[in-house]
Amino acid sequence: MKPIFSASLALLLILNSNLSLTQTAGGVKPAHSPDIEHSIDSIIAGLTLQEKIGQLVQYSGGWSTGPTGRRINDEKRTLIKEGKTGSLLNVIGSSVTHELQKIAVEESRAKIPLLFGLDVIHGFKTTFPIPLAEAATWDAEAVELSARVSAAEAASSGIHWTFAPMVDIARDPRWGRIAEGSGEDTYLGSVMAAARVRGFQGRNLSDPTAIMACAKHYAAYGGAEGGRDYNTVDISEQTLRDVYLPPFKAALDAGAGTFMASFNEINGVPSSGSHFLLTTILRDEWGFDGFVVSDWNSIGELIPHGYAGTPARAAELAINAGLDMDMESRCYRDNLESLVTQGKVRAATLDSAVRRILRMKFRLGLFADPYRACTPEREAKTLRSAANIEAARNVARKAIVLLKNEHSLLPLSKNVKTIAVIGPLANNHRDPVGTWAGPTDTNNVVTLLDGVRAAVPASRVLFAPGCAIDGTDTAGISAAVGVARQADVILLAAGESEDMSGEARSRSSLELPGRQADLVQAVHATGKPVVLVLMNGRPLALSREAANLPAILETWFLGHETGHAIADVLFGSYAPSGRLPASFPRVTGQVPIYYNHKNTGRPADDSVHFTSRYLDVPSTPLYPFGFGLTYTSFAYADLAIASPRVKATDSVSVRITLKNTGSRGGEEVVQLYVRDEVGSLTRPVRELKAYRRVRLEPGQTTSVTLSIPATDLAFTGVDMRRRVEPGMFTVYVGPNAGEGLVGRFEVFE
Ligand code: GLC
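Fair warning: this is a prediction, and the values are worked out from it, not measured in the lab.

A. Looking closely at helix α10 (residues 246-253). Along α10, six of the eight residues are buried, which leaves the element largely enclosed by surrounding structure. Residues of α10 that are buried: Pro-247, Phe-248, Ala-250, Ala-251, Leu-252 and Asp-253. Two residues or fewer after α10 comes Gly-255, characterised by a positive phi angle close to 105 degrees.

Structure, rendered in structure tokens:
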């Protein structure tokens, strides 16, 4: 049988590679290309059934990194040569990807290029802050830059596709994967989802520095009961559509080429077998024309879910639901041929899945150049370039959230004589890169101790670990106290290890792990000024620390440039501008606690007994969503709504005046929240609908106008139809979800 893929086709596709692109909200979505579809027609017509199934099968390459690292095994090489796989994940490096691609396009019969996928979540060789930290920047451009740099580095190492952005809304910080997303809010999560897709995919997916994005984990994976990973999700369809799905739609509108089906079930149907999710919503309602990959073995897990009795049934349910590519379960490999011959899976269904995968390979330009101009020279020049490292430092600084700063202890003077840097995360190279750091080298991580020493070379900088991140050993605390007594100011780096958040890393307690709280208490007891520098992958419960310490910096896991970024903020070369993307509870028992909750018939009032509250803790979070301080102060005044009555098809414009009332320049994140006062379904007490970062110098005043289309006030009704309901709305404009100026307006039809 003649080879499917010929040189003339390559010429056509090179001409075709500059696909006409349609600018969509927040990104570029390739327009439908008849040439590509015709090319796919001829390829599919020439494939055997086994070769078609091969395109739907993805294997892990076991972190093969080529000649110097682990070799990919011969079984995988044979599968490539026999056309029995269309994609590998966890193969890294320009040389090994070139070697395997050569087998696919020269030695296999169909000569279809392979797709190399990898979790490029927040960096590649230059590690950026974890996504939750990046969301704390509230800066879409910064987040897009992070993804852009990560894509360029990964693409130079032969990667075509990242399993990111993770866009799961998370309202329960016990869930370890809150670290990988953008927190609790749908609007902020949607902004960040689109920014990451734009960064990864650039303006044209066939650009060799672009990698294809993958919106995951579709869907509502963050709604796991008890914050326990992989656990049951039981939510109304309205909540699914209004809280969890919009970030996925934002990723799609930004042009995301793929989606990843999640492990969890929703209301009894596992996502990987859900025709409602994978076809009705994703394709029929949203018009998605890319492809869906399963999560690792999530097709096989339809069996323990109790949704399929056999691997064959699991394969049948998944492919008929609209799941195109099987990551590592082998269910497709082992069963699709017989399912097609038995008529349980239509040939057309199989062909549609193959078509969607080939379409994305065409859009990536893989048929025009299967190697995407990838060479060891380009790789060496791209990885960890000075520009990339500078970008990582800039994004990291923006992610830092100042939670407390009593008596303006911060910024510290650079003339400070003696500084004690204490704690298990103070001189730690591994944990600051956080979860899903990928194939990075942590030896060149700038620790907090490194950053402080570099920032104040004339100061005496002392160090003591004090205790471990976890465990019961307190033997080192007295030495740490001894070091603290010698210092003028203490930086206490405490928090979590990188493997306390991320996949399969839910925690039942949000307090500082191990004996760190004892370390904090002992150092505090010296009477010296203590700055708590938190490094963590989730909101923590910090009541005691917040009650006793004068200053608290939330630095999350900031990646390679951790120490420089924190020092930039500590010594004032960068004023902190981060804002919380998720609420911080007072105690673990408060979770789930999130700002856009319902009011109930007896809204929490700590002064009234019979209301929705706890007896033993105030009803508010320790720090609310959107909270963050800086080195100056701002005053909000004169809220004015352009028109007190707004047509449902118009926009609402709200203006305030903002003044820098402090003595330093700084950035404020002006946030606009809305409450639909009465609805056919109850509505949240607040919902973020817009925000603006504003920089003001001391004494400067400016007016800030935020406008939102009234359609943004829509919600899904009892009939599953989205609508804006006429009536009164309250608007809040302020520095976080717990305060702000208040106004009202009416929407009419
Ligand atoms: C994992 C994760 C998913 C990741 C995939 C490939 O189990 O759930 O986020 O992309 O496997 O590594």
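B. Region of interest: the nonpolar core. The biggest cluster of nonpolar side chains holds 105 residues, and the ones touching the most others in it are Leu-100, Tyr-218, Phe-259 and Tyr-332. In terms of residue count, helix α14 (residues 347-363) provides more of this core than any other element does, seven residues in total. Each residue touching Phe-259, except ones within four places of it in the same chain, is listed here: Cys-214, Ala-215, Tyr-218, Phe-248, Leu-252, Leu-282, Trp-286, Phe-288, Phe-291, Val-292 and Val-293. Within the second largest apolar cluster, 85 residues are counted, among which are Ile-130, Trp-556, Leu-558 and Leu-570.

C. Fine view of the confidence of the model for the protein. Looking at the protein as a whole, its pLDDT mean stands at 95, while 95% of the residues score no less than 70. Across residues 1-26, confidence stays below pLDDT 50; counting only partners more than four residues off in sequence or on other chains, it has 54 contacts.

D. The arrangement of the domain arrangement of the protein in detail. Assigned domains of the protein: these are domain 1 (389-590) and domain 2 (634-748). A straight line from the C-alpha centre of domain 1 to that of domain 2 covers 34 Å. The interface is formed by five residues belonging to domain 1 together with eight residues belonging to domain 2. A combined buried area of about 510 Å² lies between domain 1 and domain 2, and 41% of that area is made up of carbon and sulfur atoms. Together, Pro-411, Ser-577 and Arg-579 form the three largest contributors to the area buried by domain 1 at its contact with domain 2, with a combined 72%. On the surface where domain 1 and domain 2 come into contact, there are one salt bridge. A salt bridge links Glu-668 to Arg-579, with the nearest nitrogen and oxygen atoms 2.8 Å apart. Here the residues of the side of domain 1 that touches domain 2 sort into three nonpolar, one polar and one charged.

The rules behind these values
- Numbers given for residues are sequential positions, taken from 1 along each chain in its written order.
- pLDDT decides what is reported in this predicted model: residues at 70 or higher carry local features, side-chain atom pairs at 80 or more are listed and counted, and totals for whole chains, interfaces and linings draw on all residues regardless.
- Each side-chain value is worked out from all heavy atoms of the structure, with water and hydrogens disregarded.
- Three labels apply to residues, based on accessible area from a 1.4 Å probe with only protein chains included: buried if under 20% of the type maximum, exposed if over 50%, partly exposed otherwise in between.
- A helix here means a DSSP run of H or I that spans at least four residues, while a strand means a run of E at least two residues long, and both kinds are numbered starting from the N terminus.
- Take the buried Ala, Val, Leu, Ile, Met, Phe, Trp, Tyr and Cys residues and link them wherever side-chain atoms come within 4.5 Å; each set so joined is a nonpolar core.
- Contacts are residue-level and defined by heavy atoms, with any inter-residue pair within 4.5 Å sufficient.
- Per-residue confidence from the predictor is reported as pLDDT, which spans 0 to 100.
- For the purposes of this description, domain bounds are those given by an automatic or database domain assignment.
- The quantity reported as buried area is the accessible area (1.4 Å probe) lost by two parts once they are put together, taken as the sum for both.
- A side-chain nitrogen of Lys or Arg and a carboxyl oxygen of Asp or Glu constitute a salt bridge if their distance falls within 4 Å.
- The classification used treats Ala, Val, Leu, Ile, Met, Phe, Trp, Tyr, Cys and Pro as nonpolar, Asp, Glu, Lys and Arg as charged, and all other residues, Gly among them, as polar.

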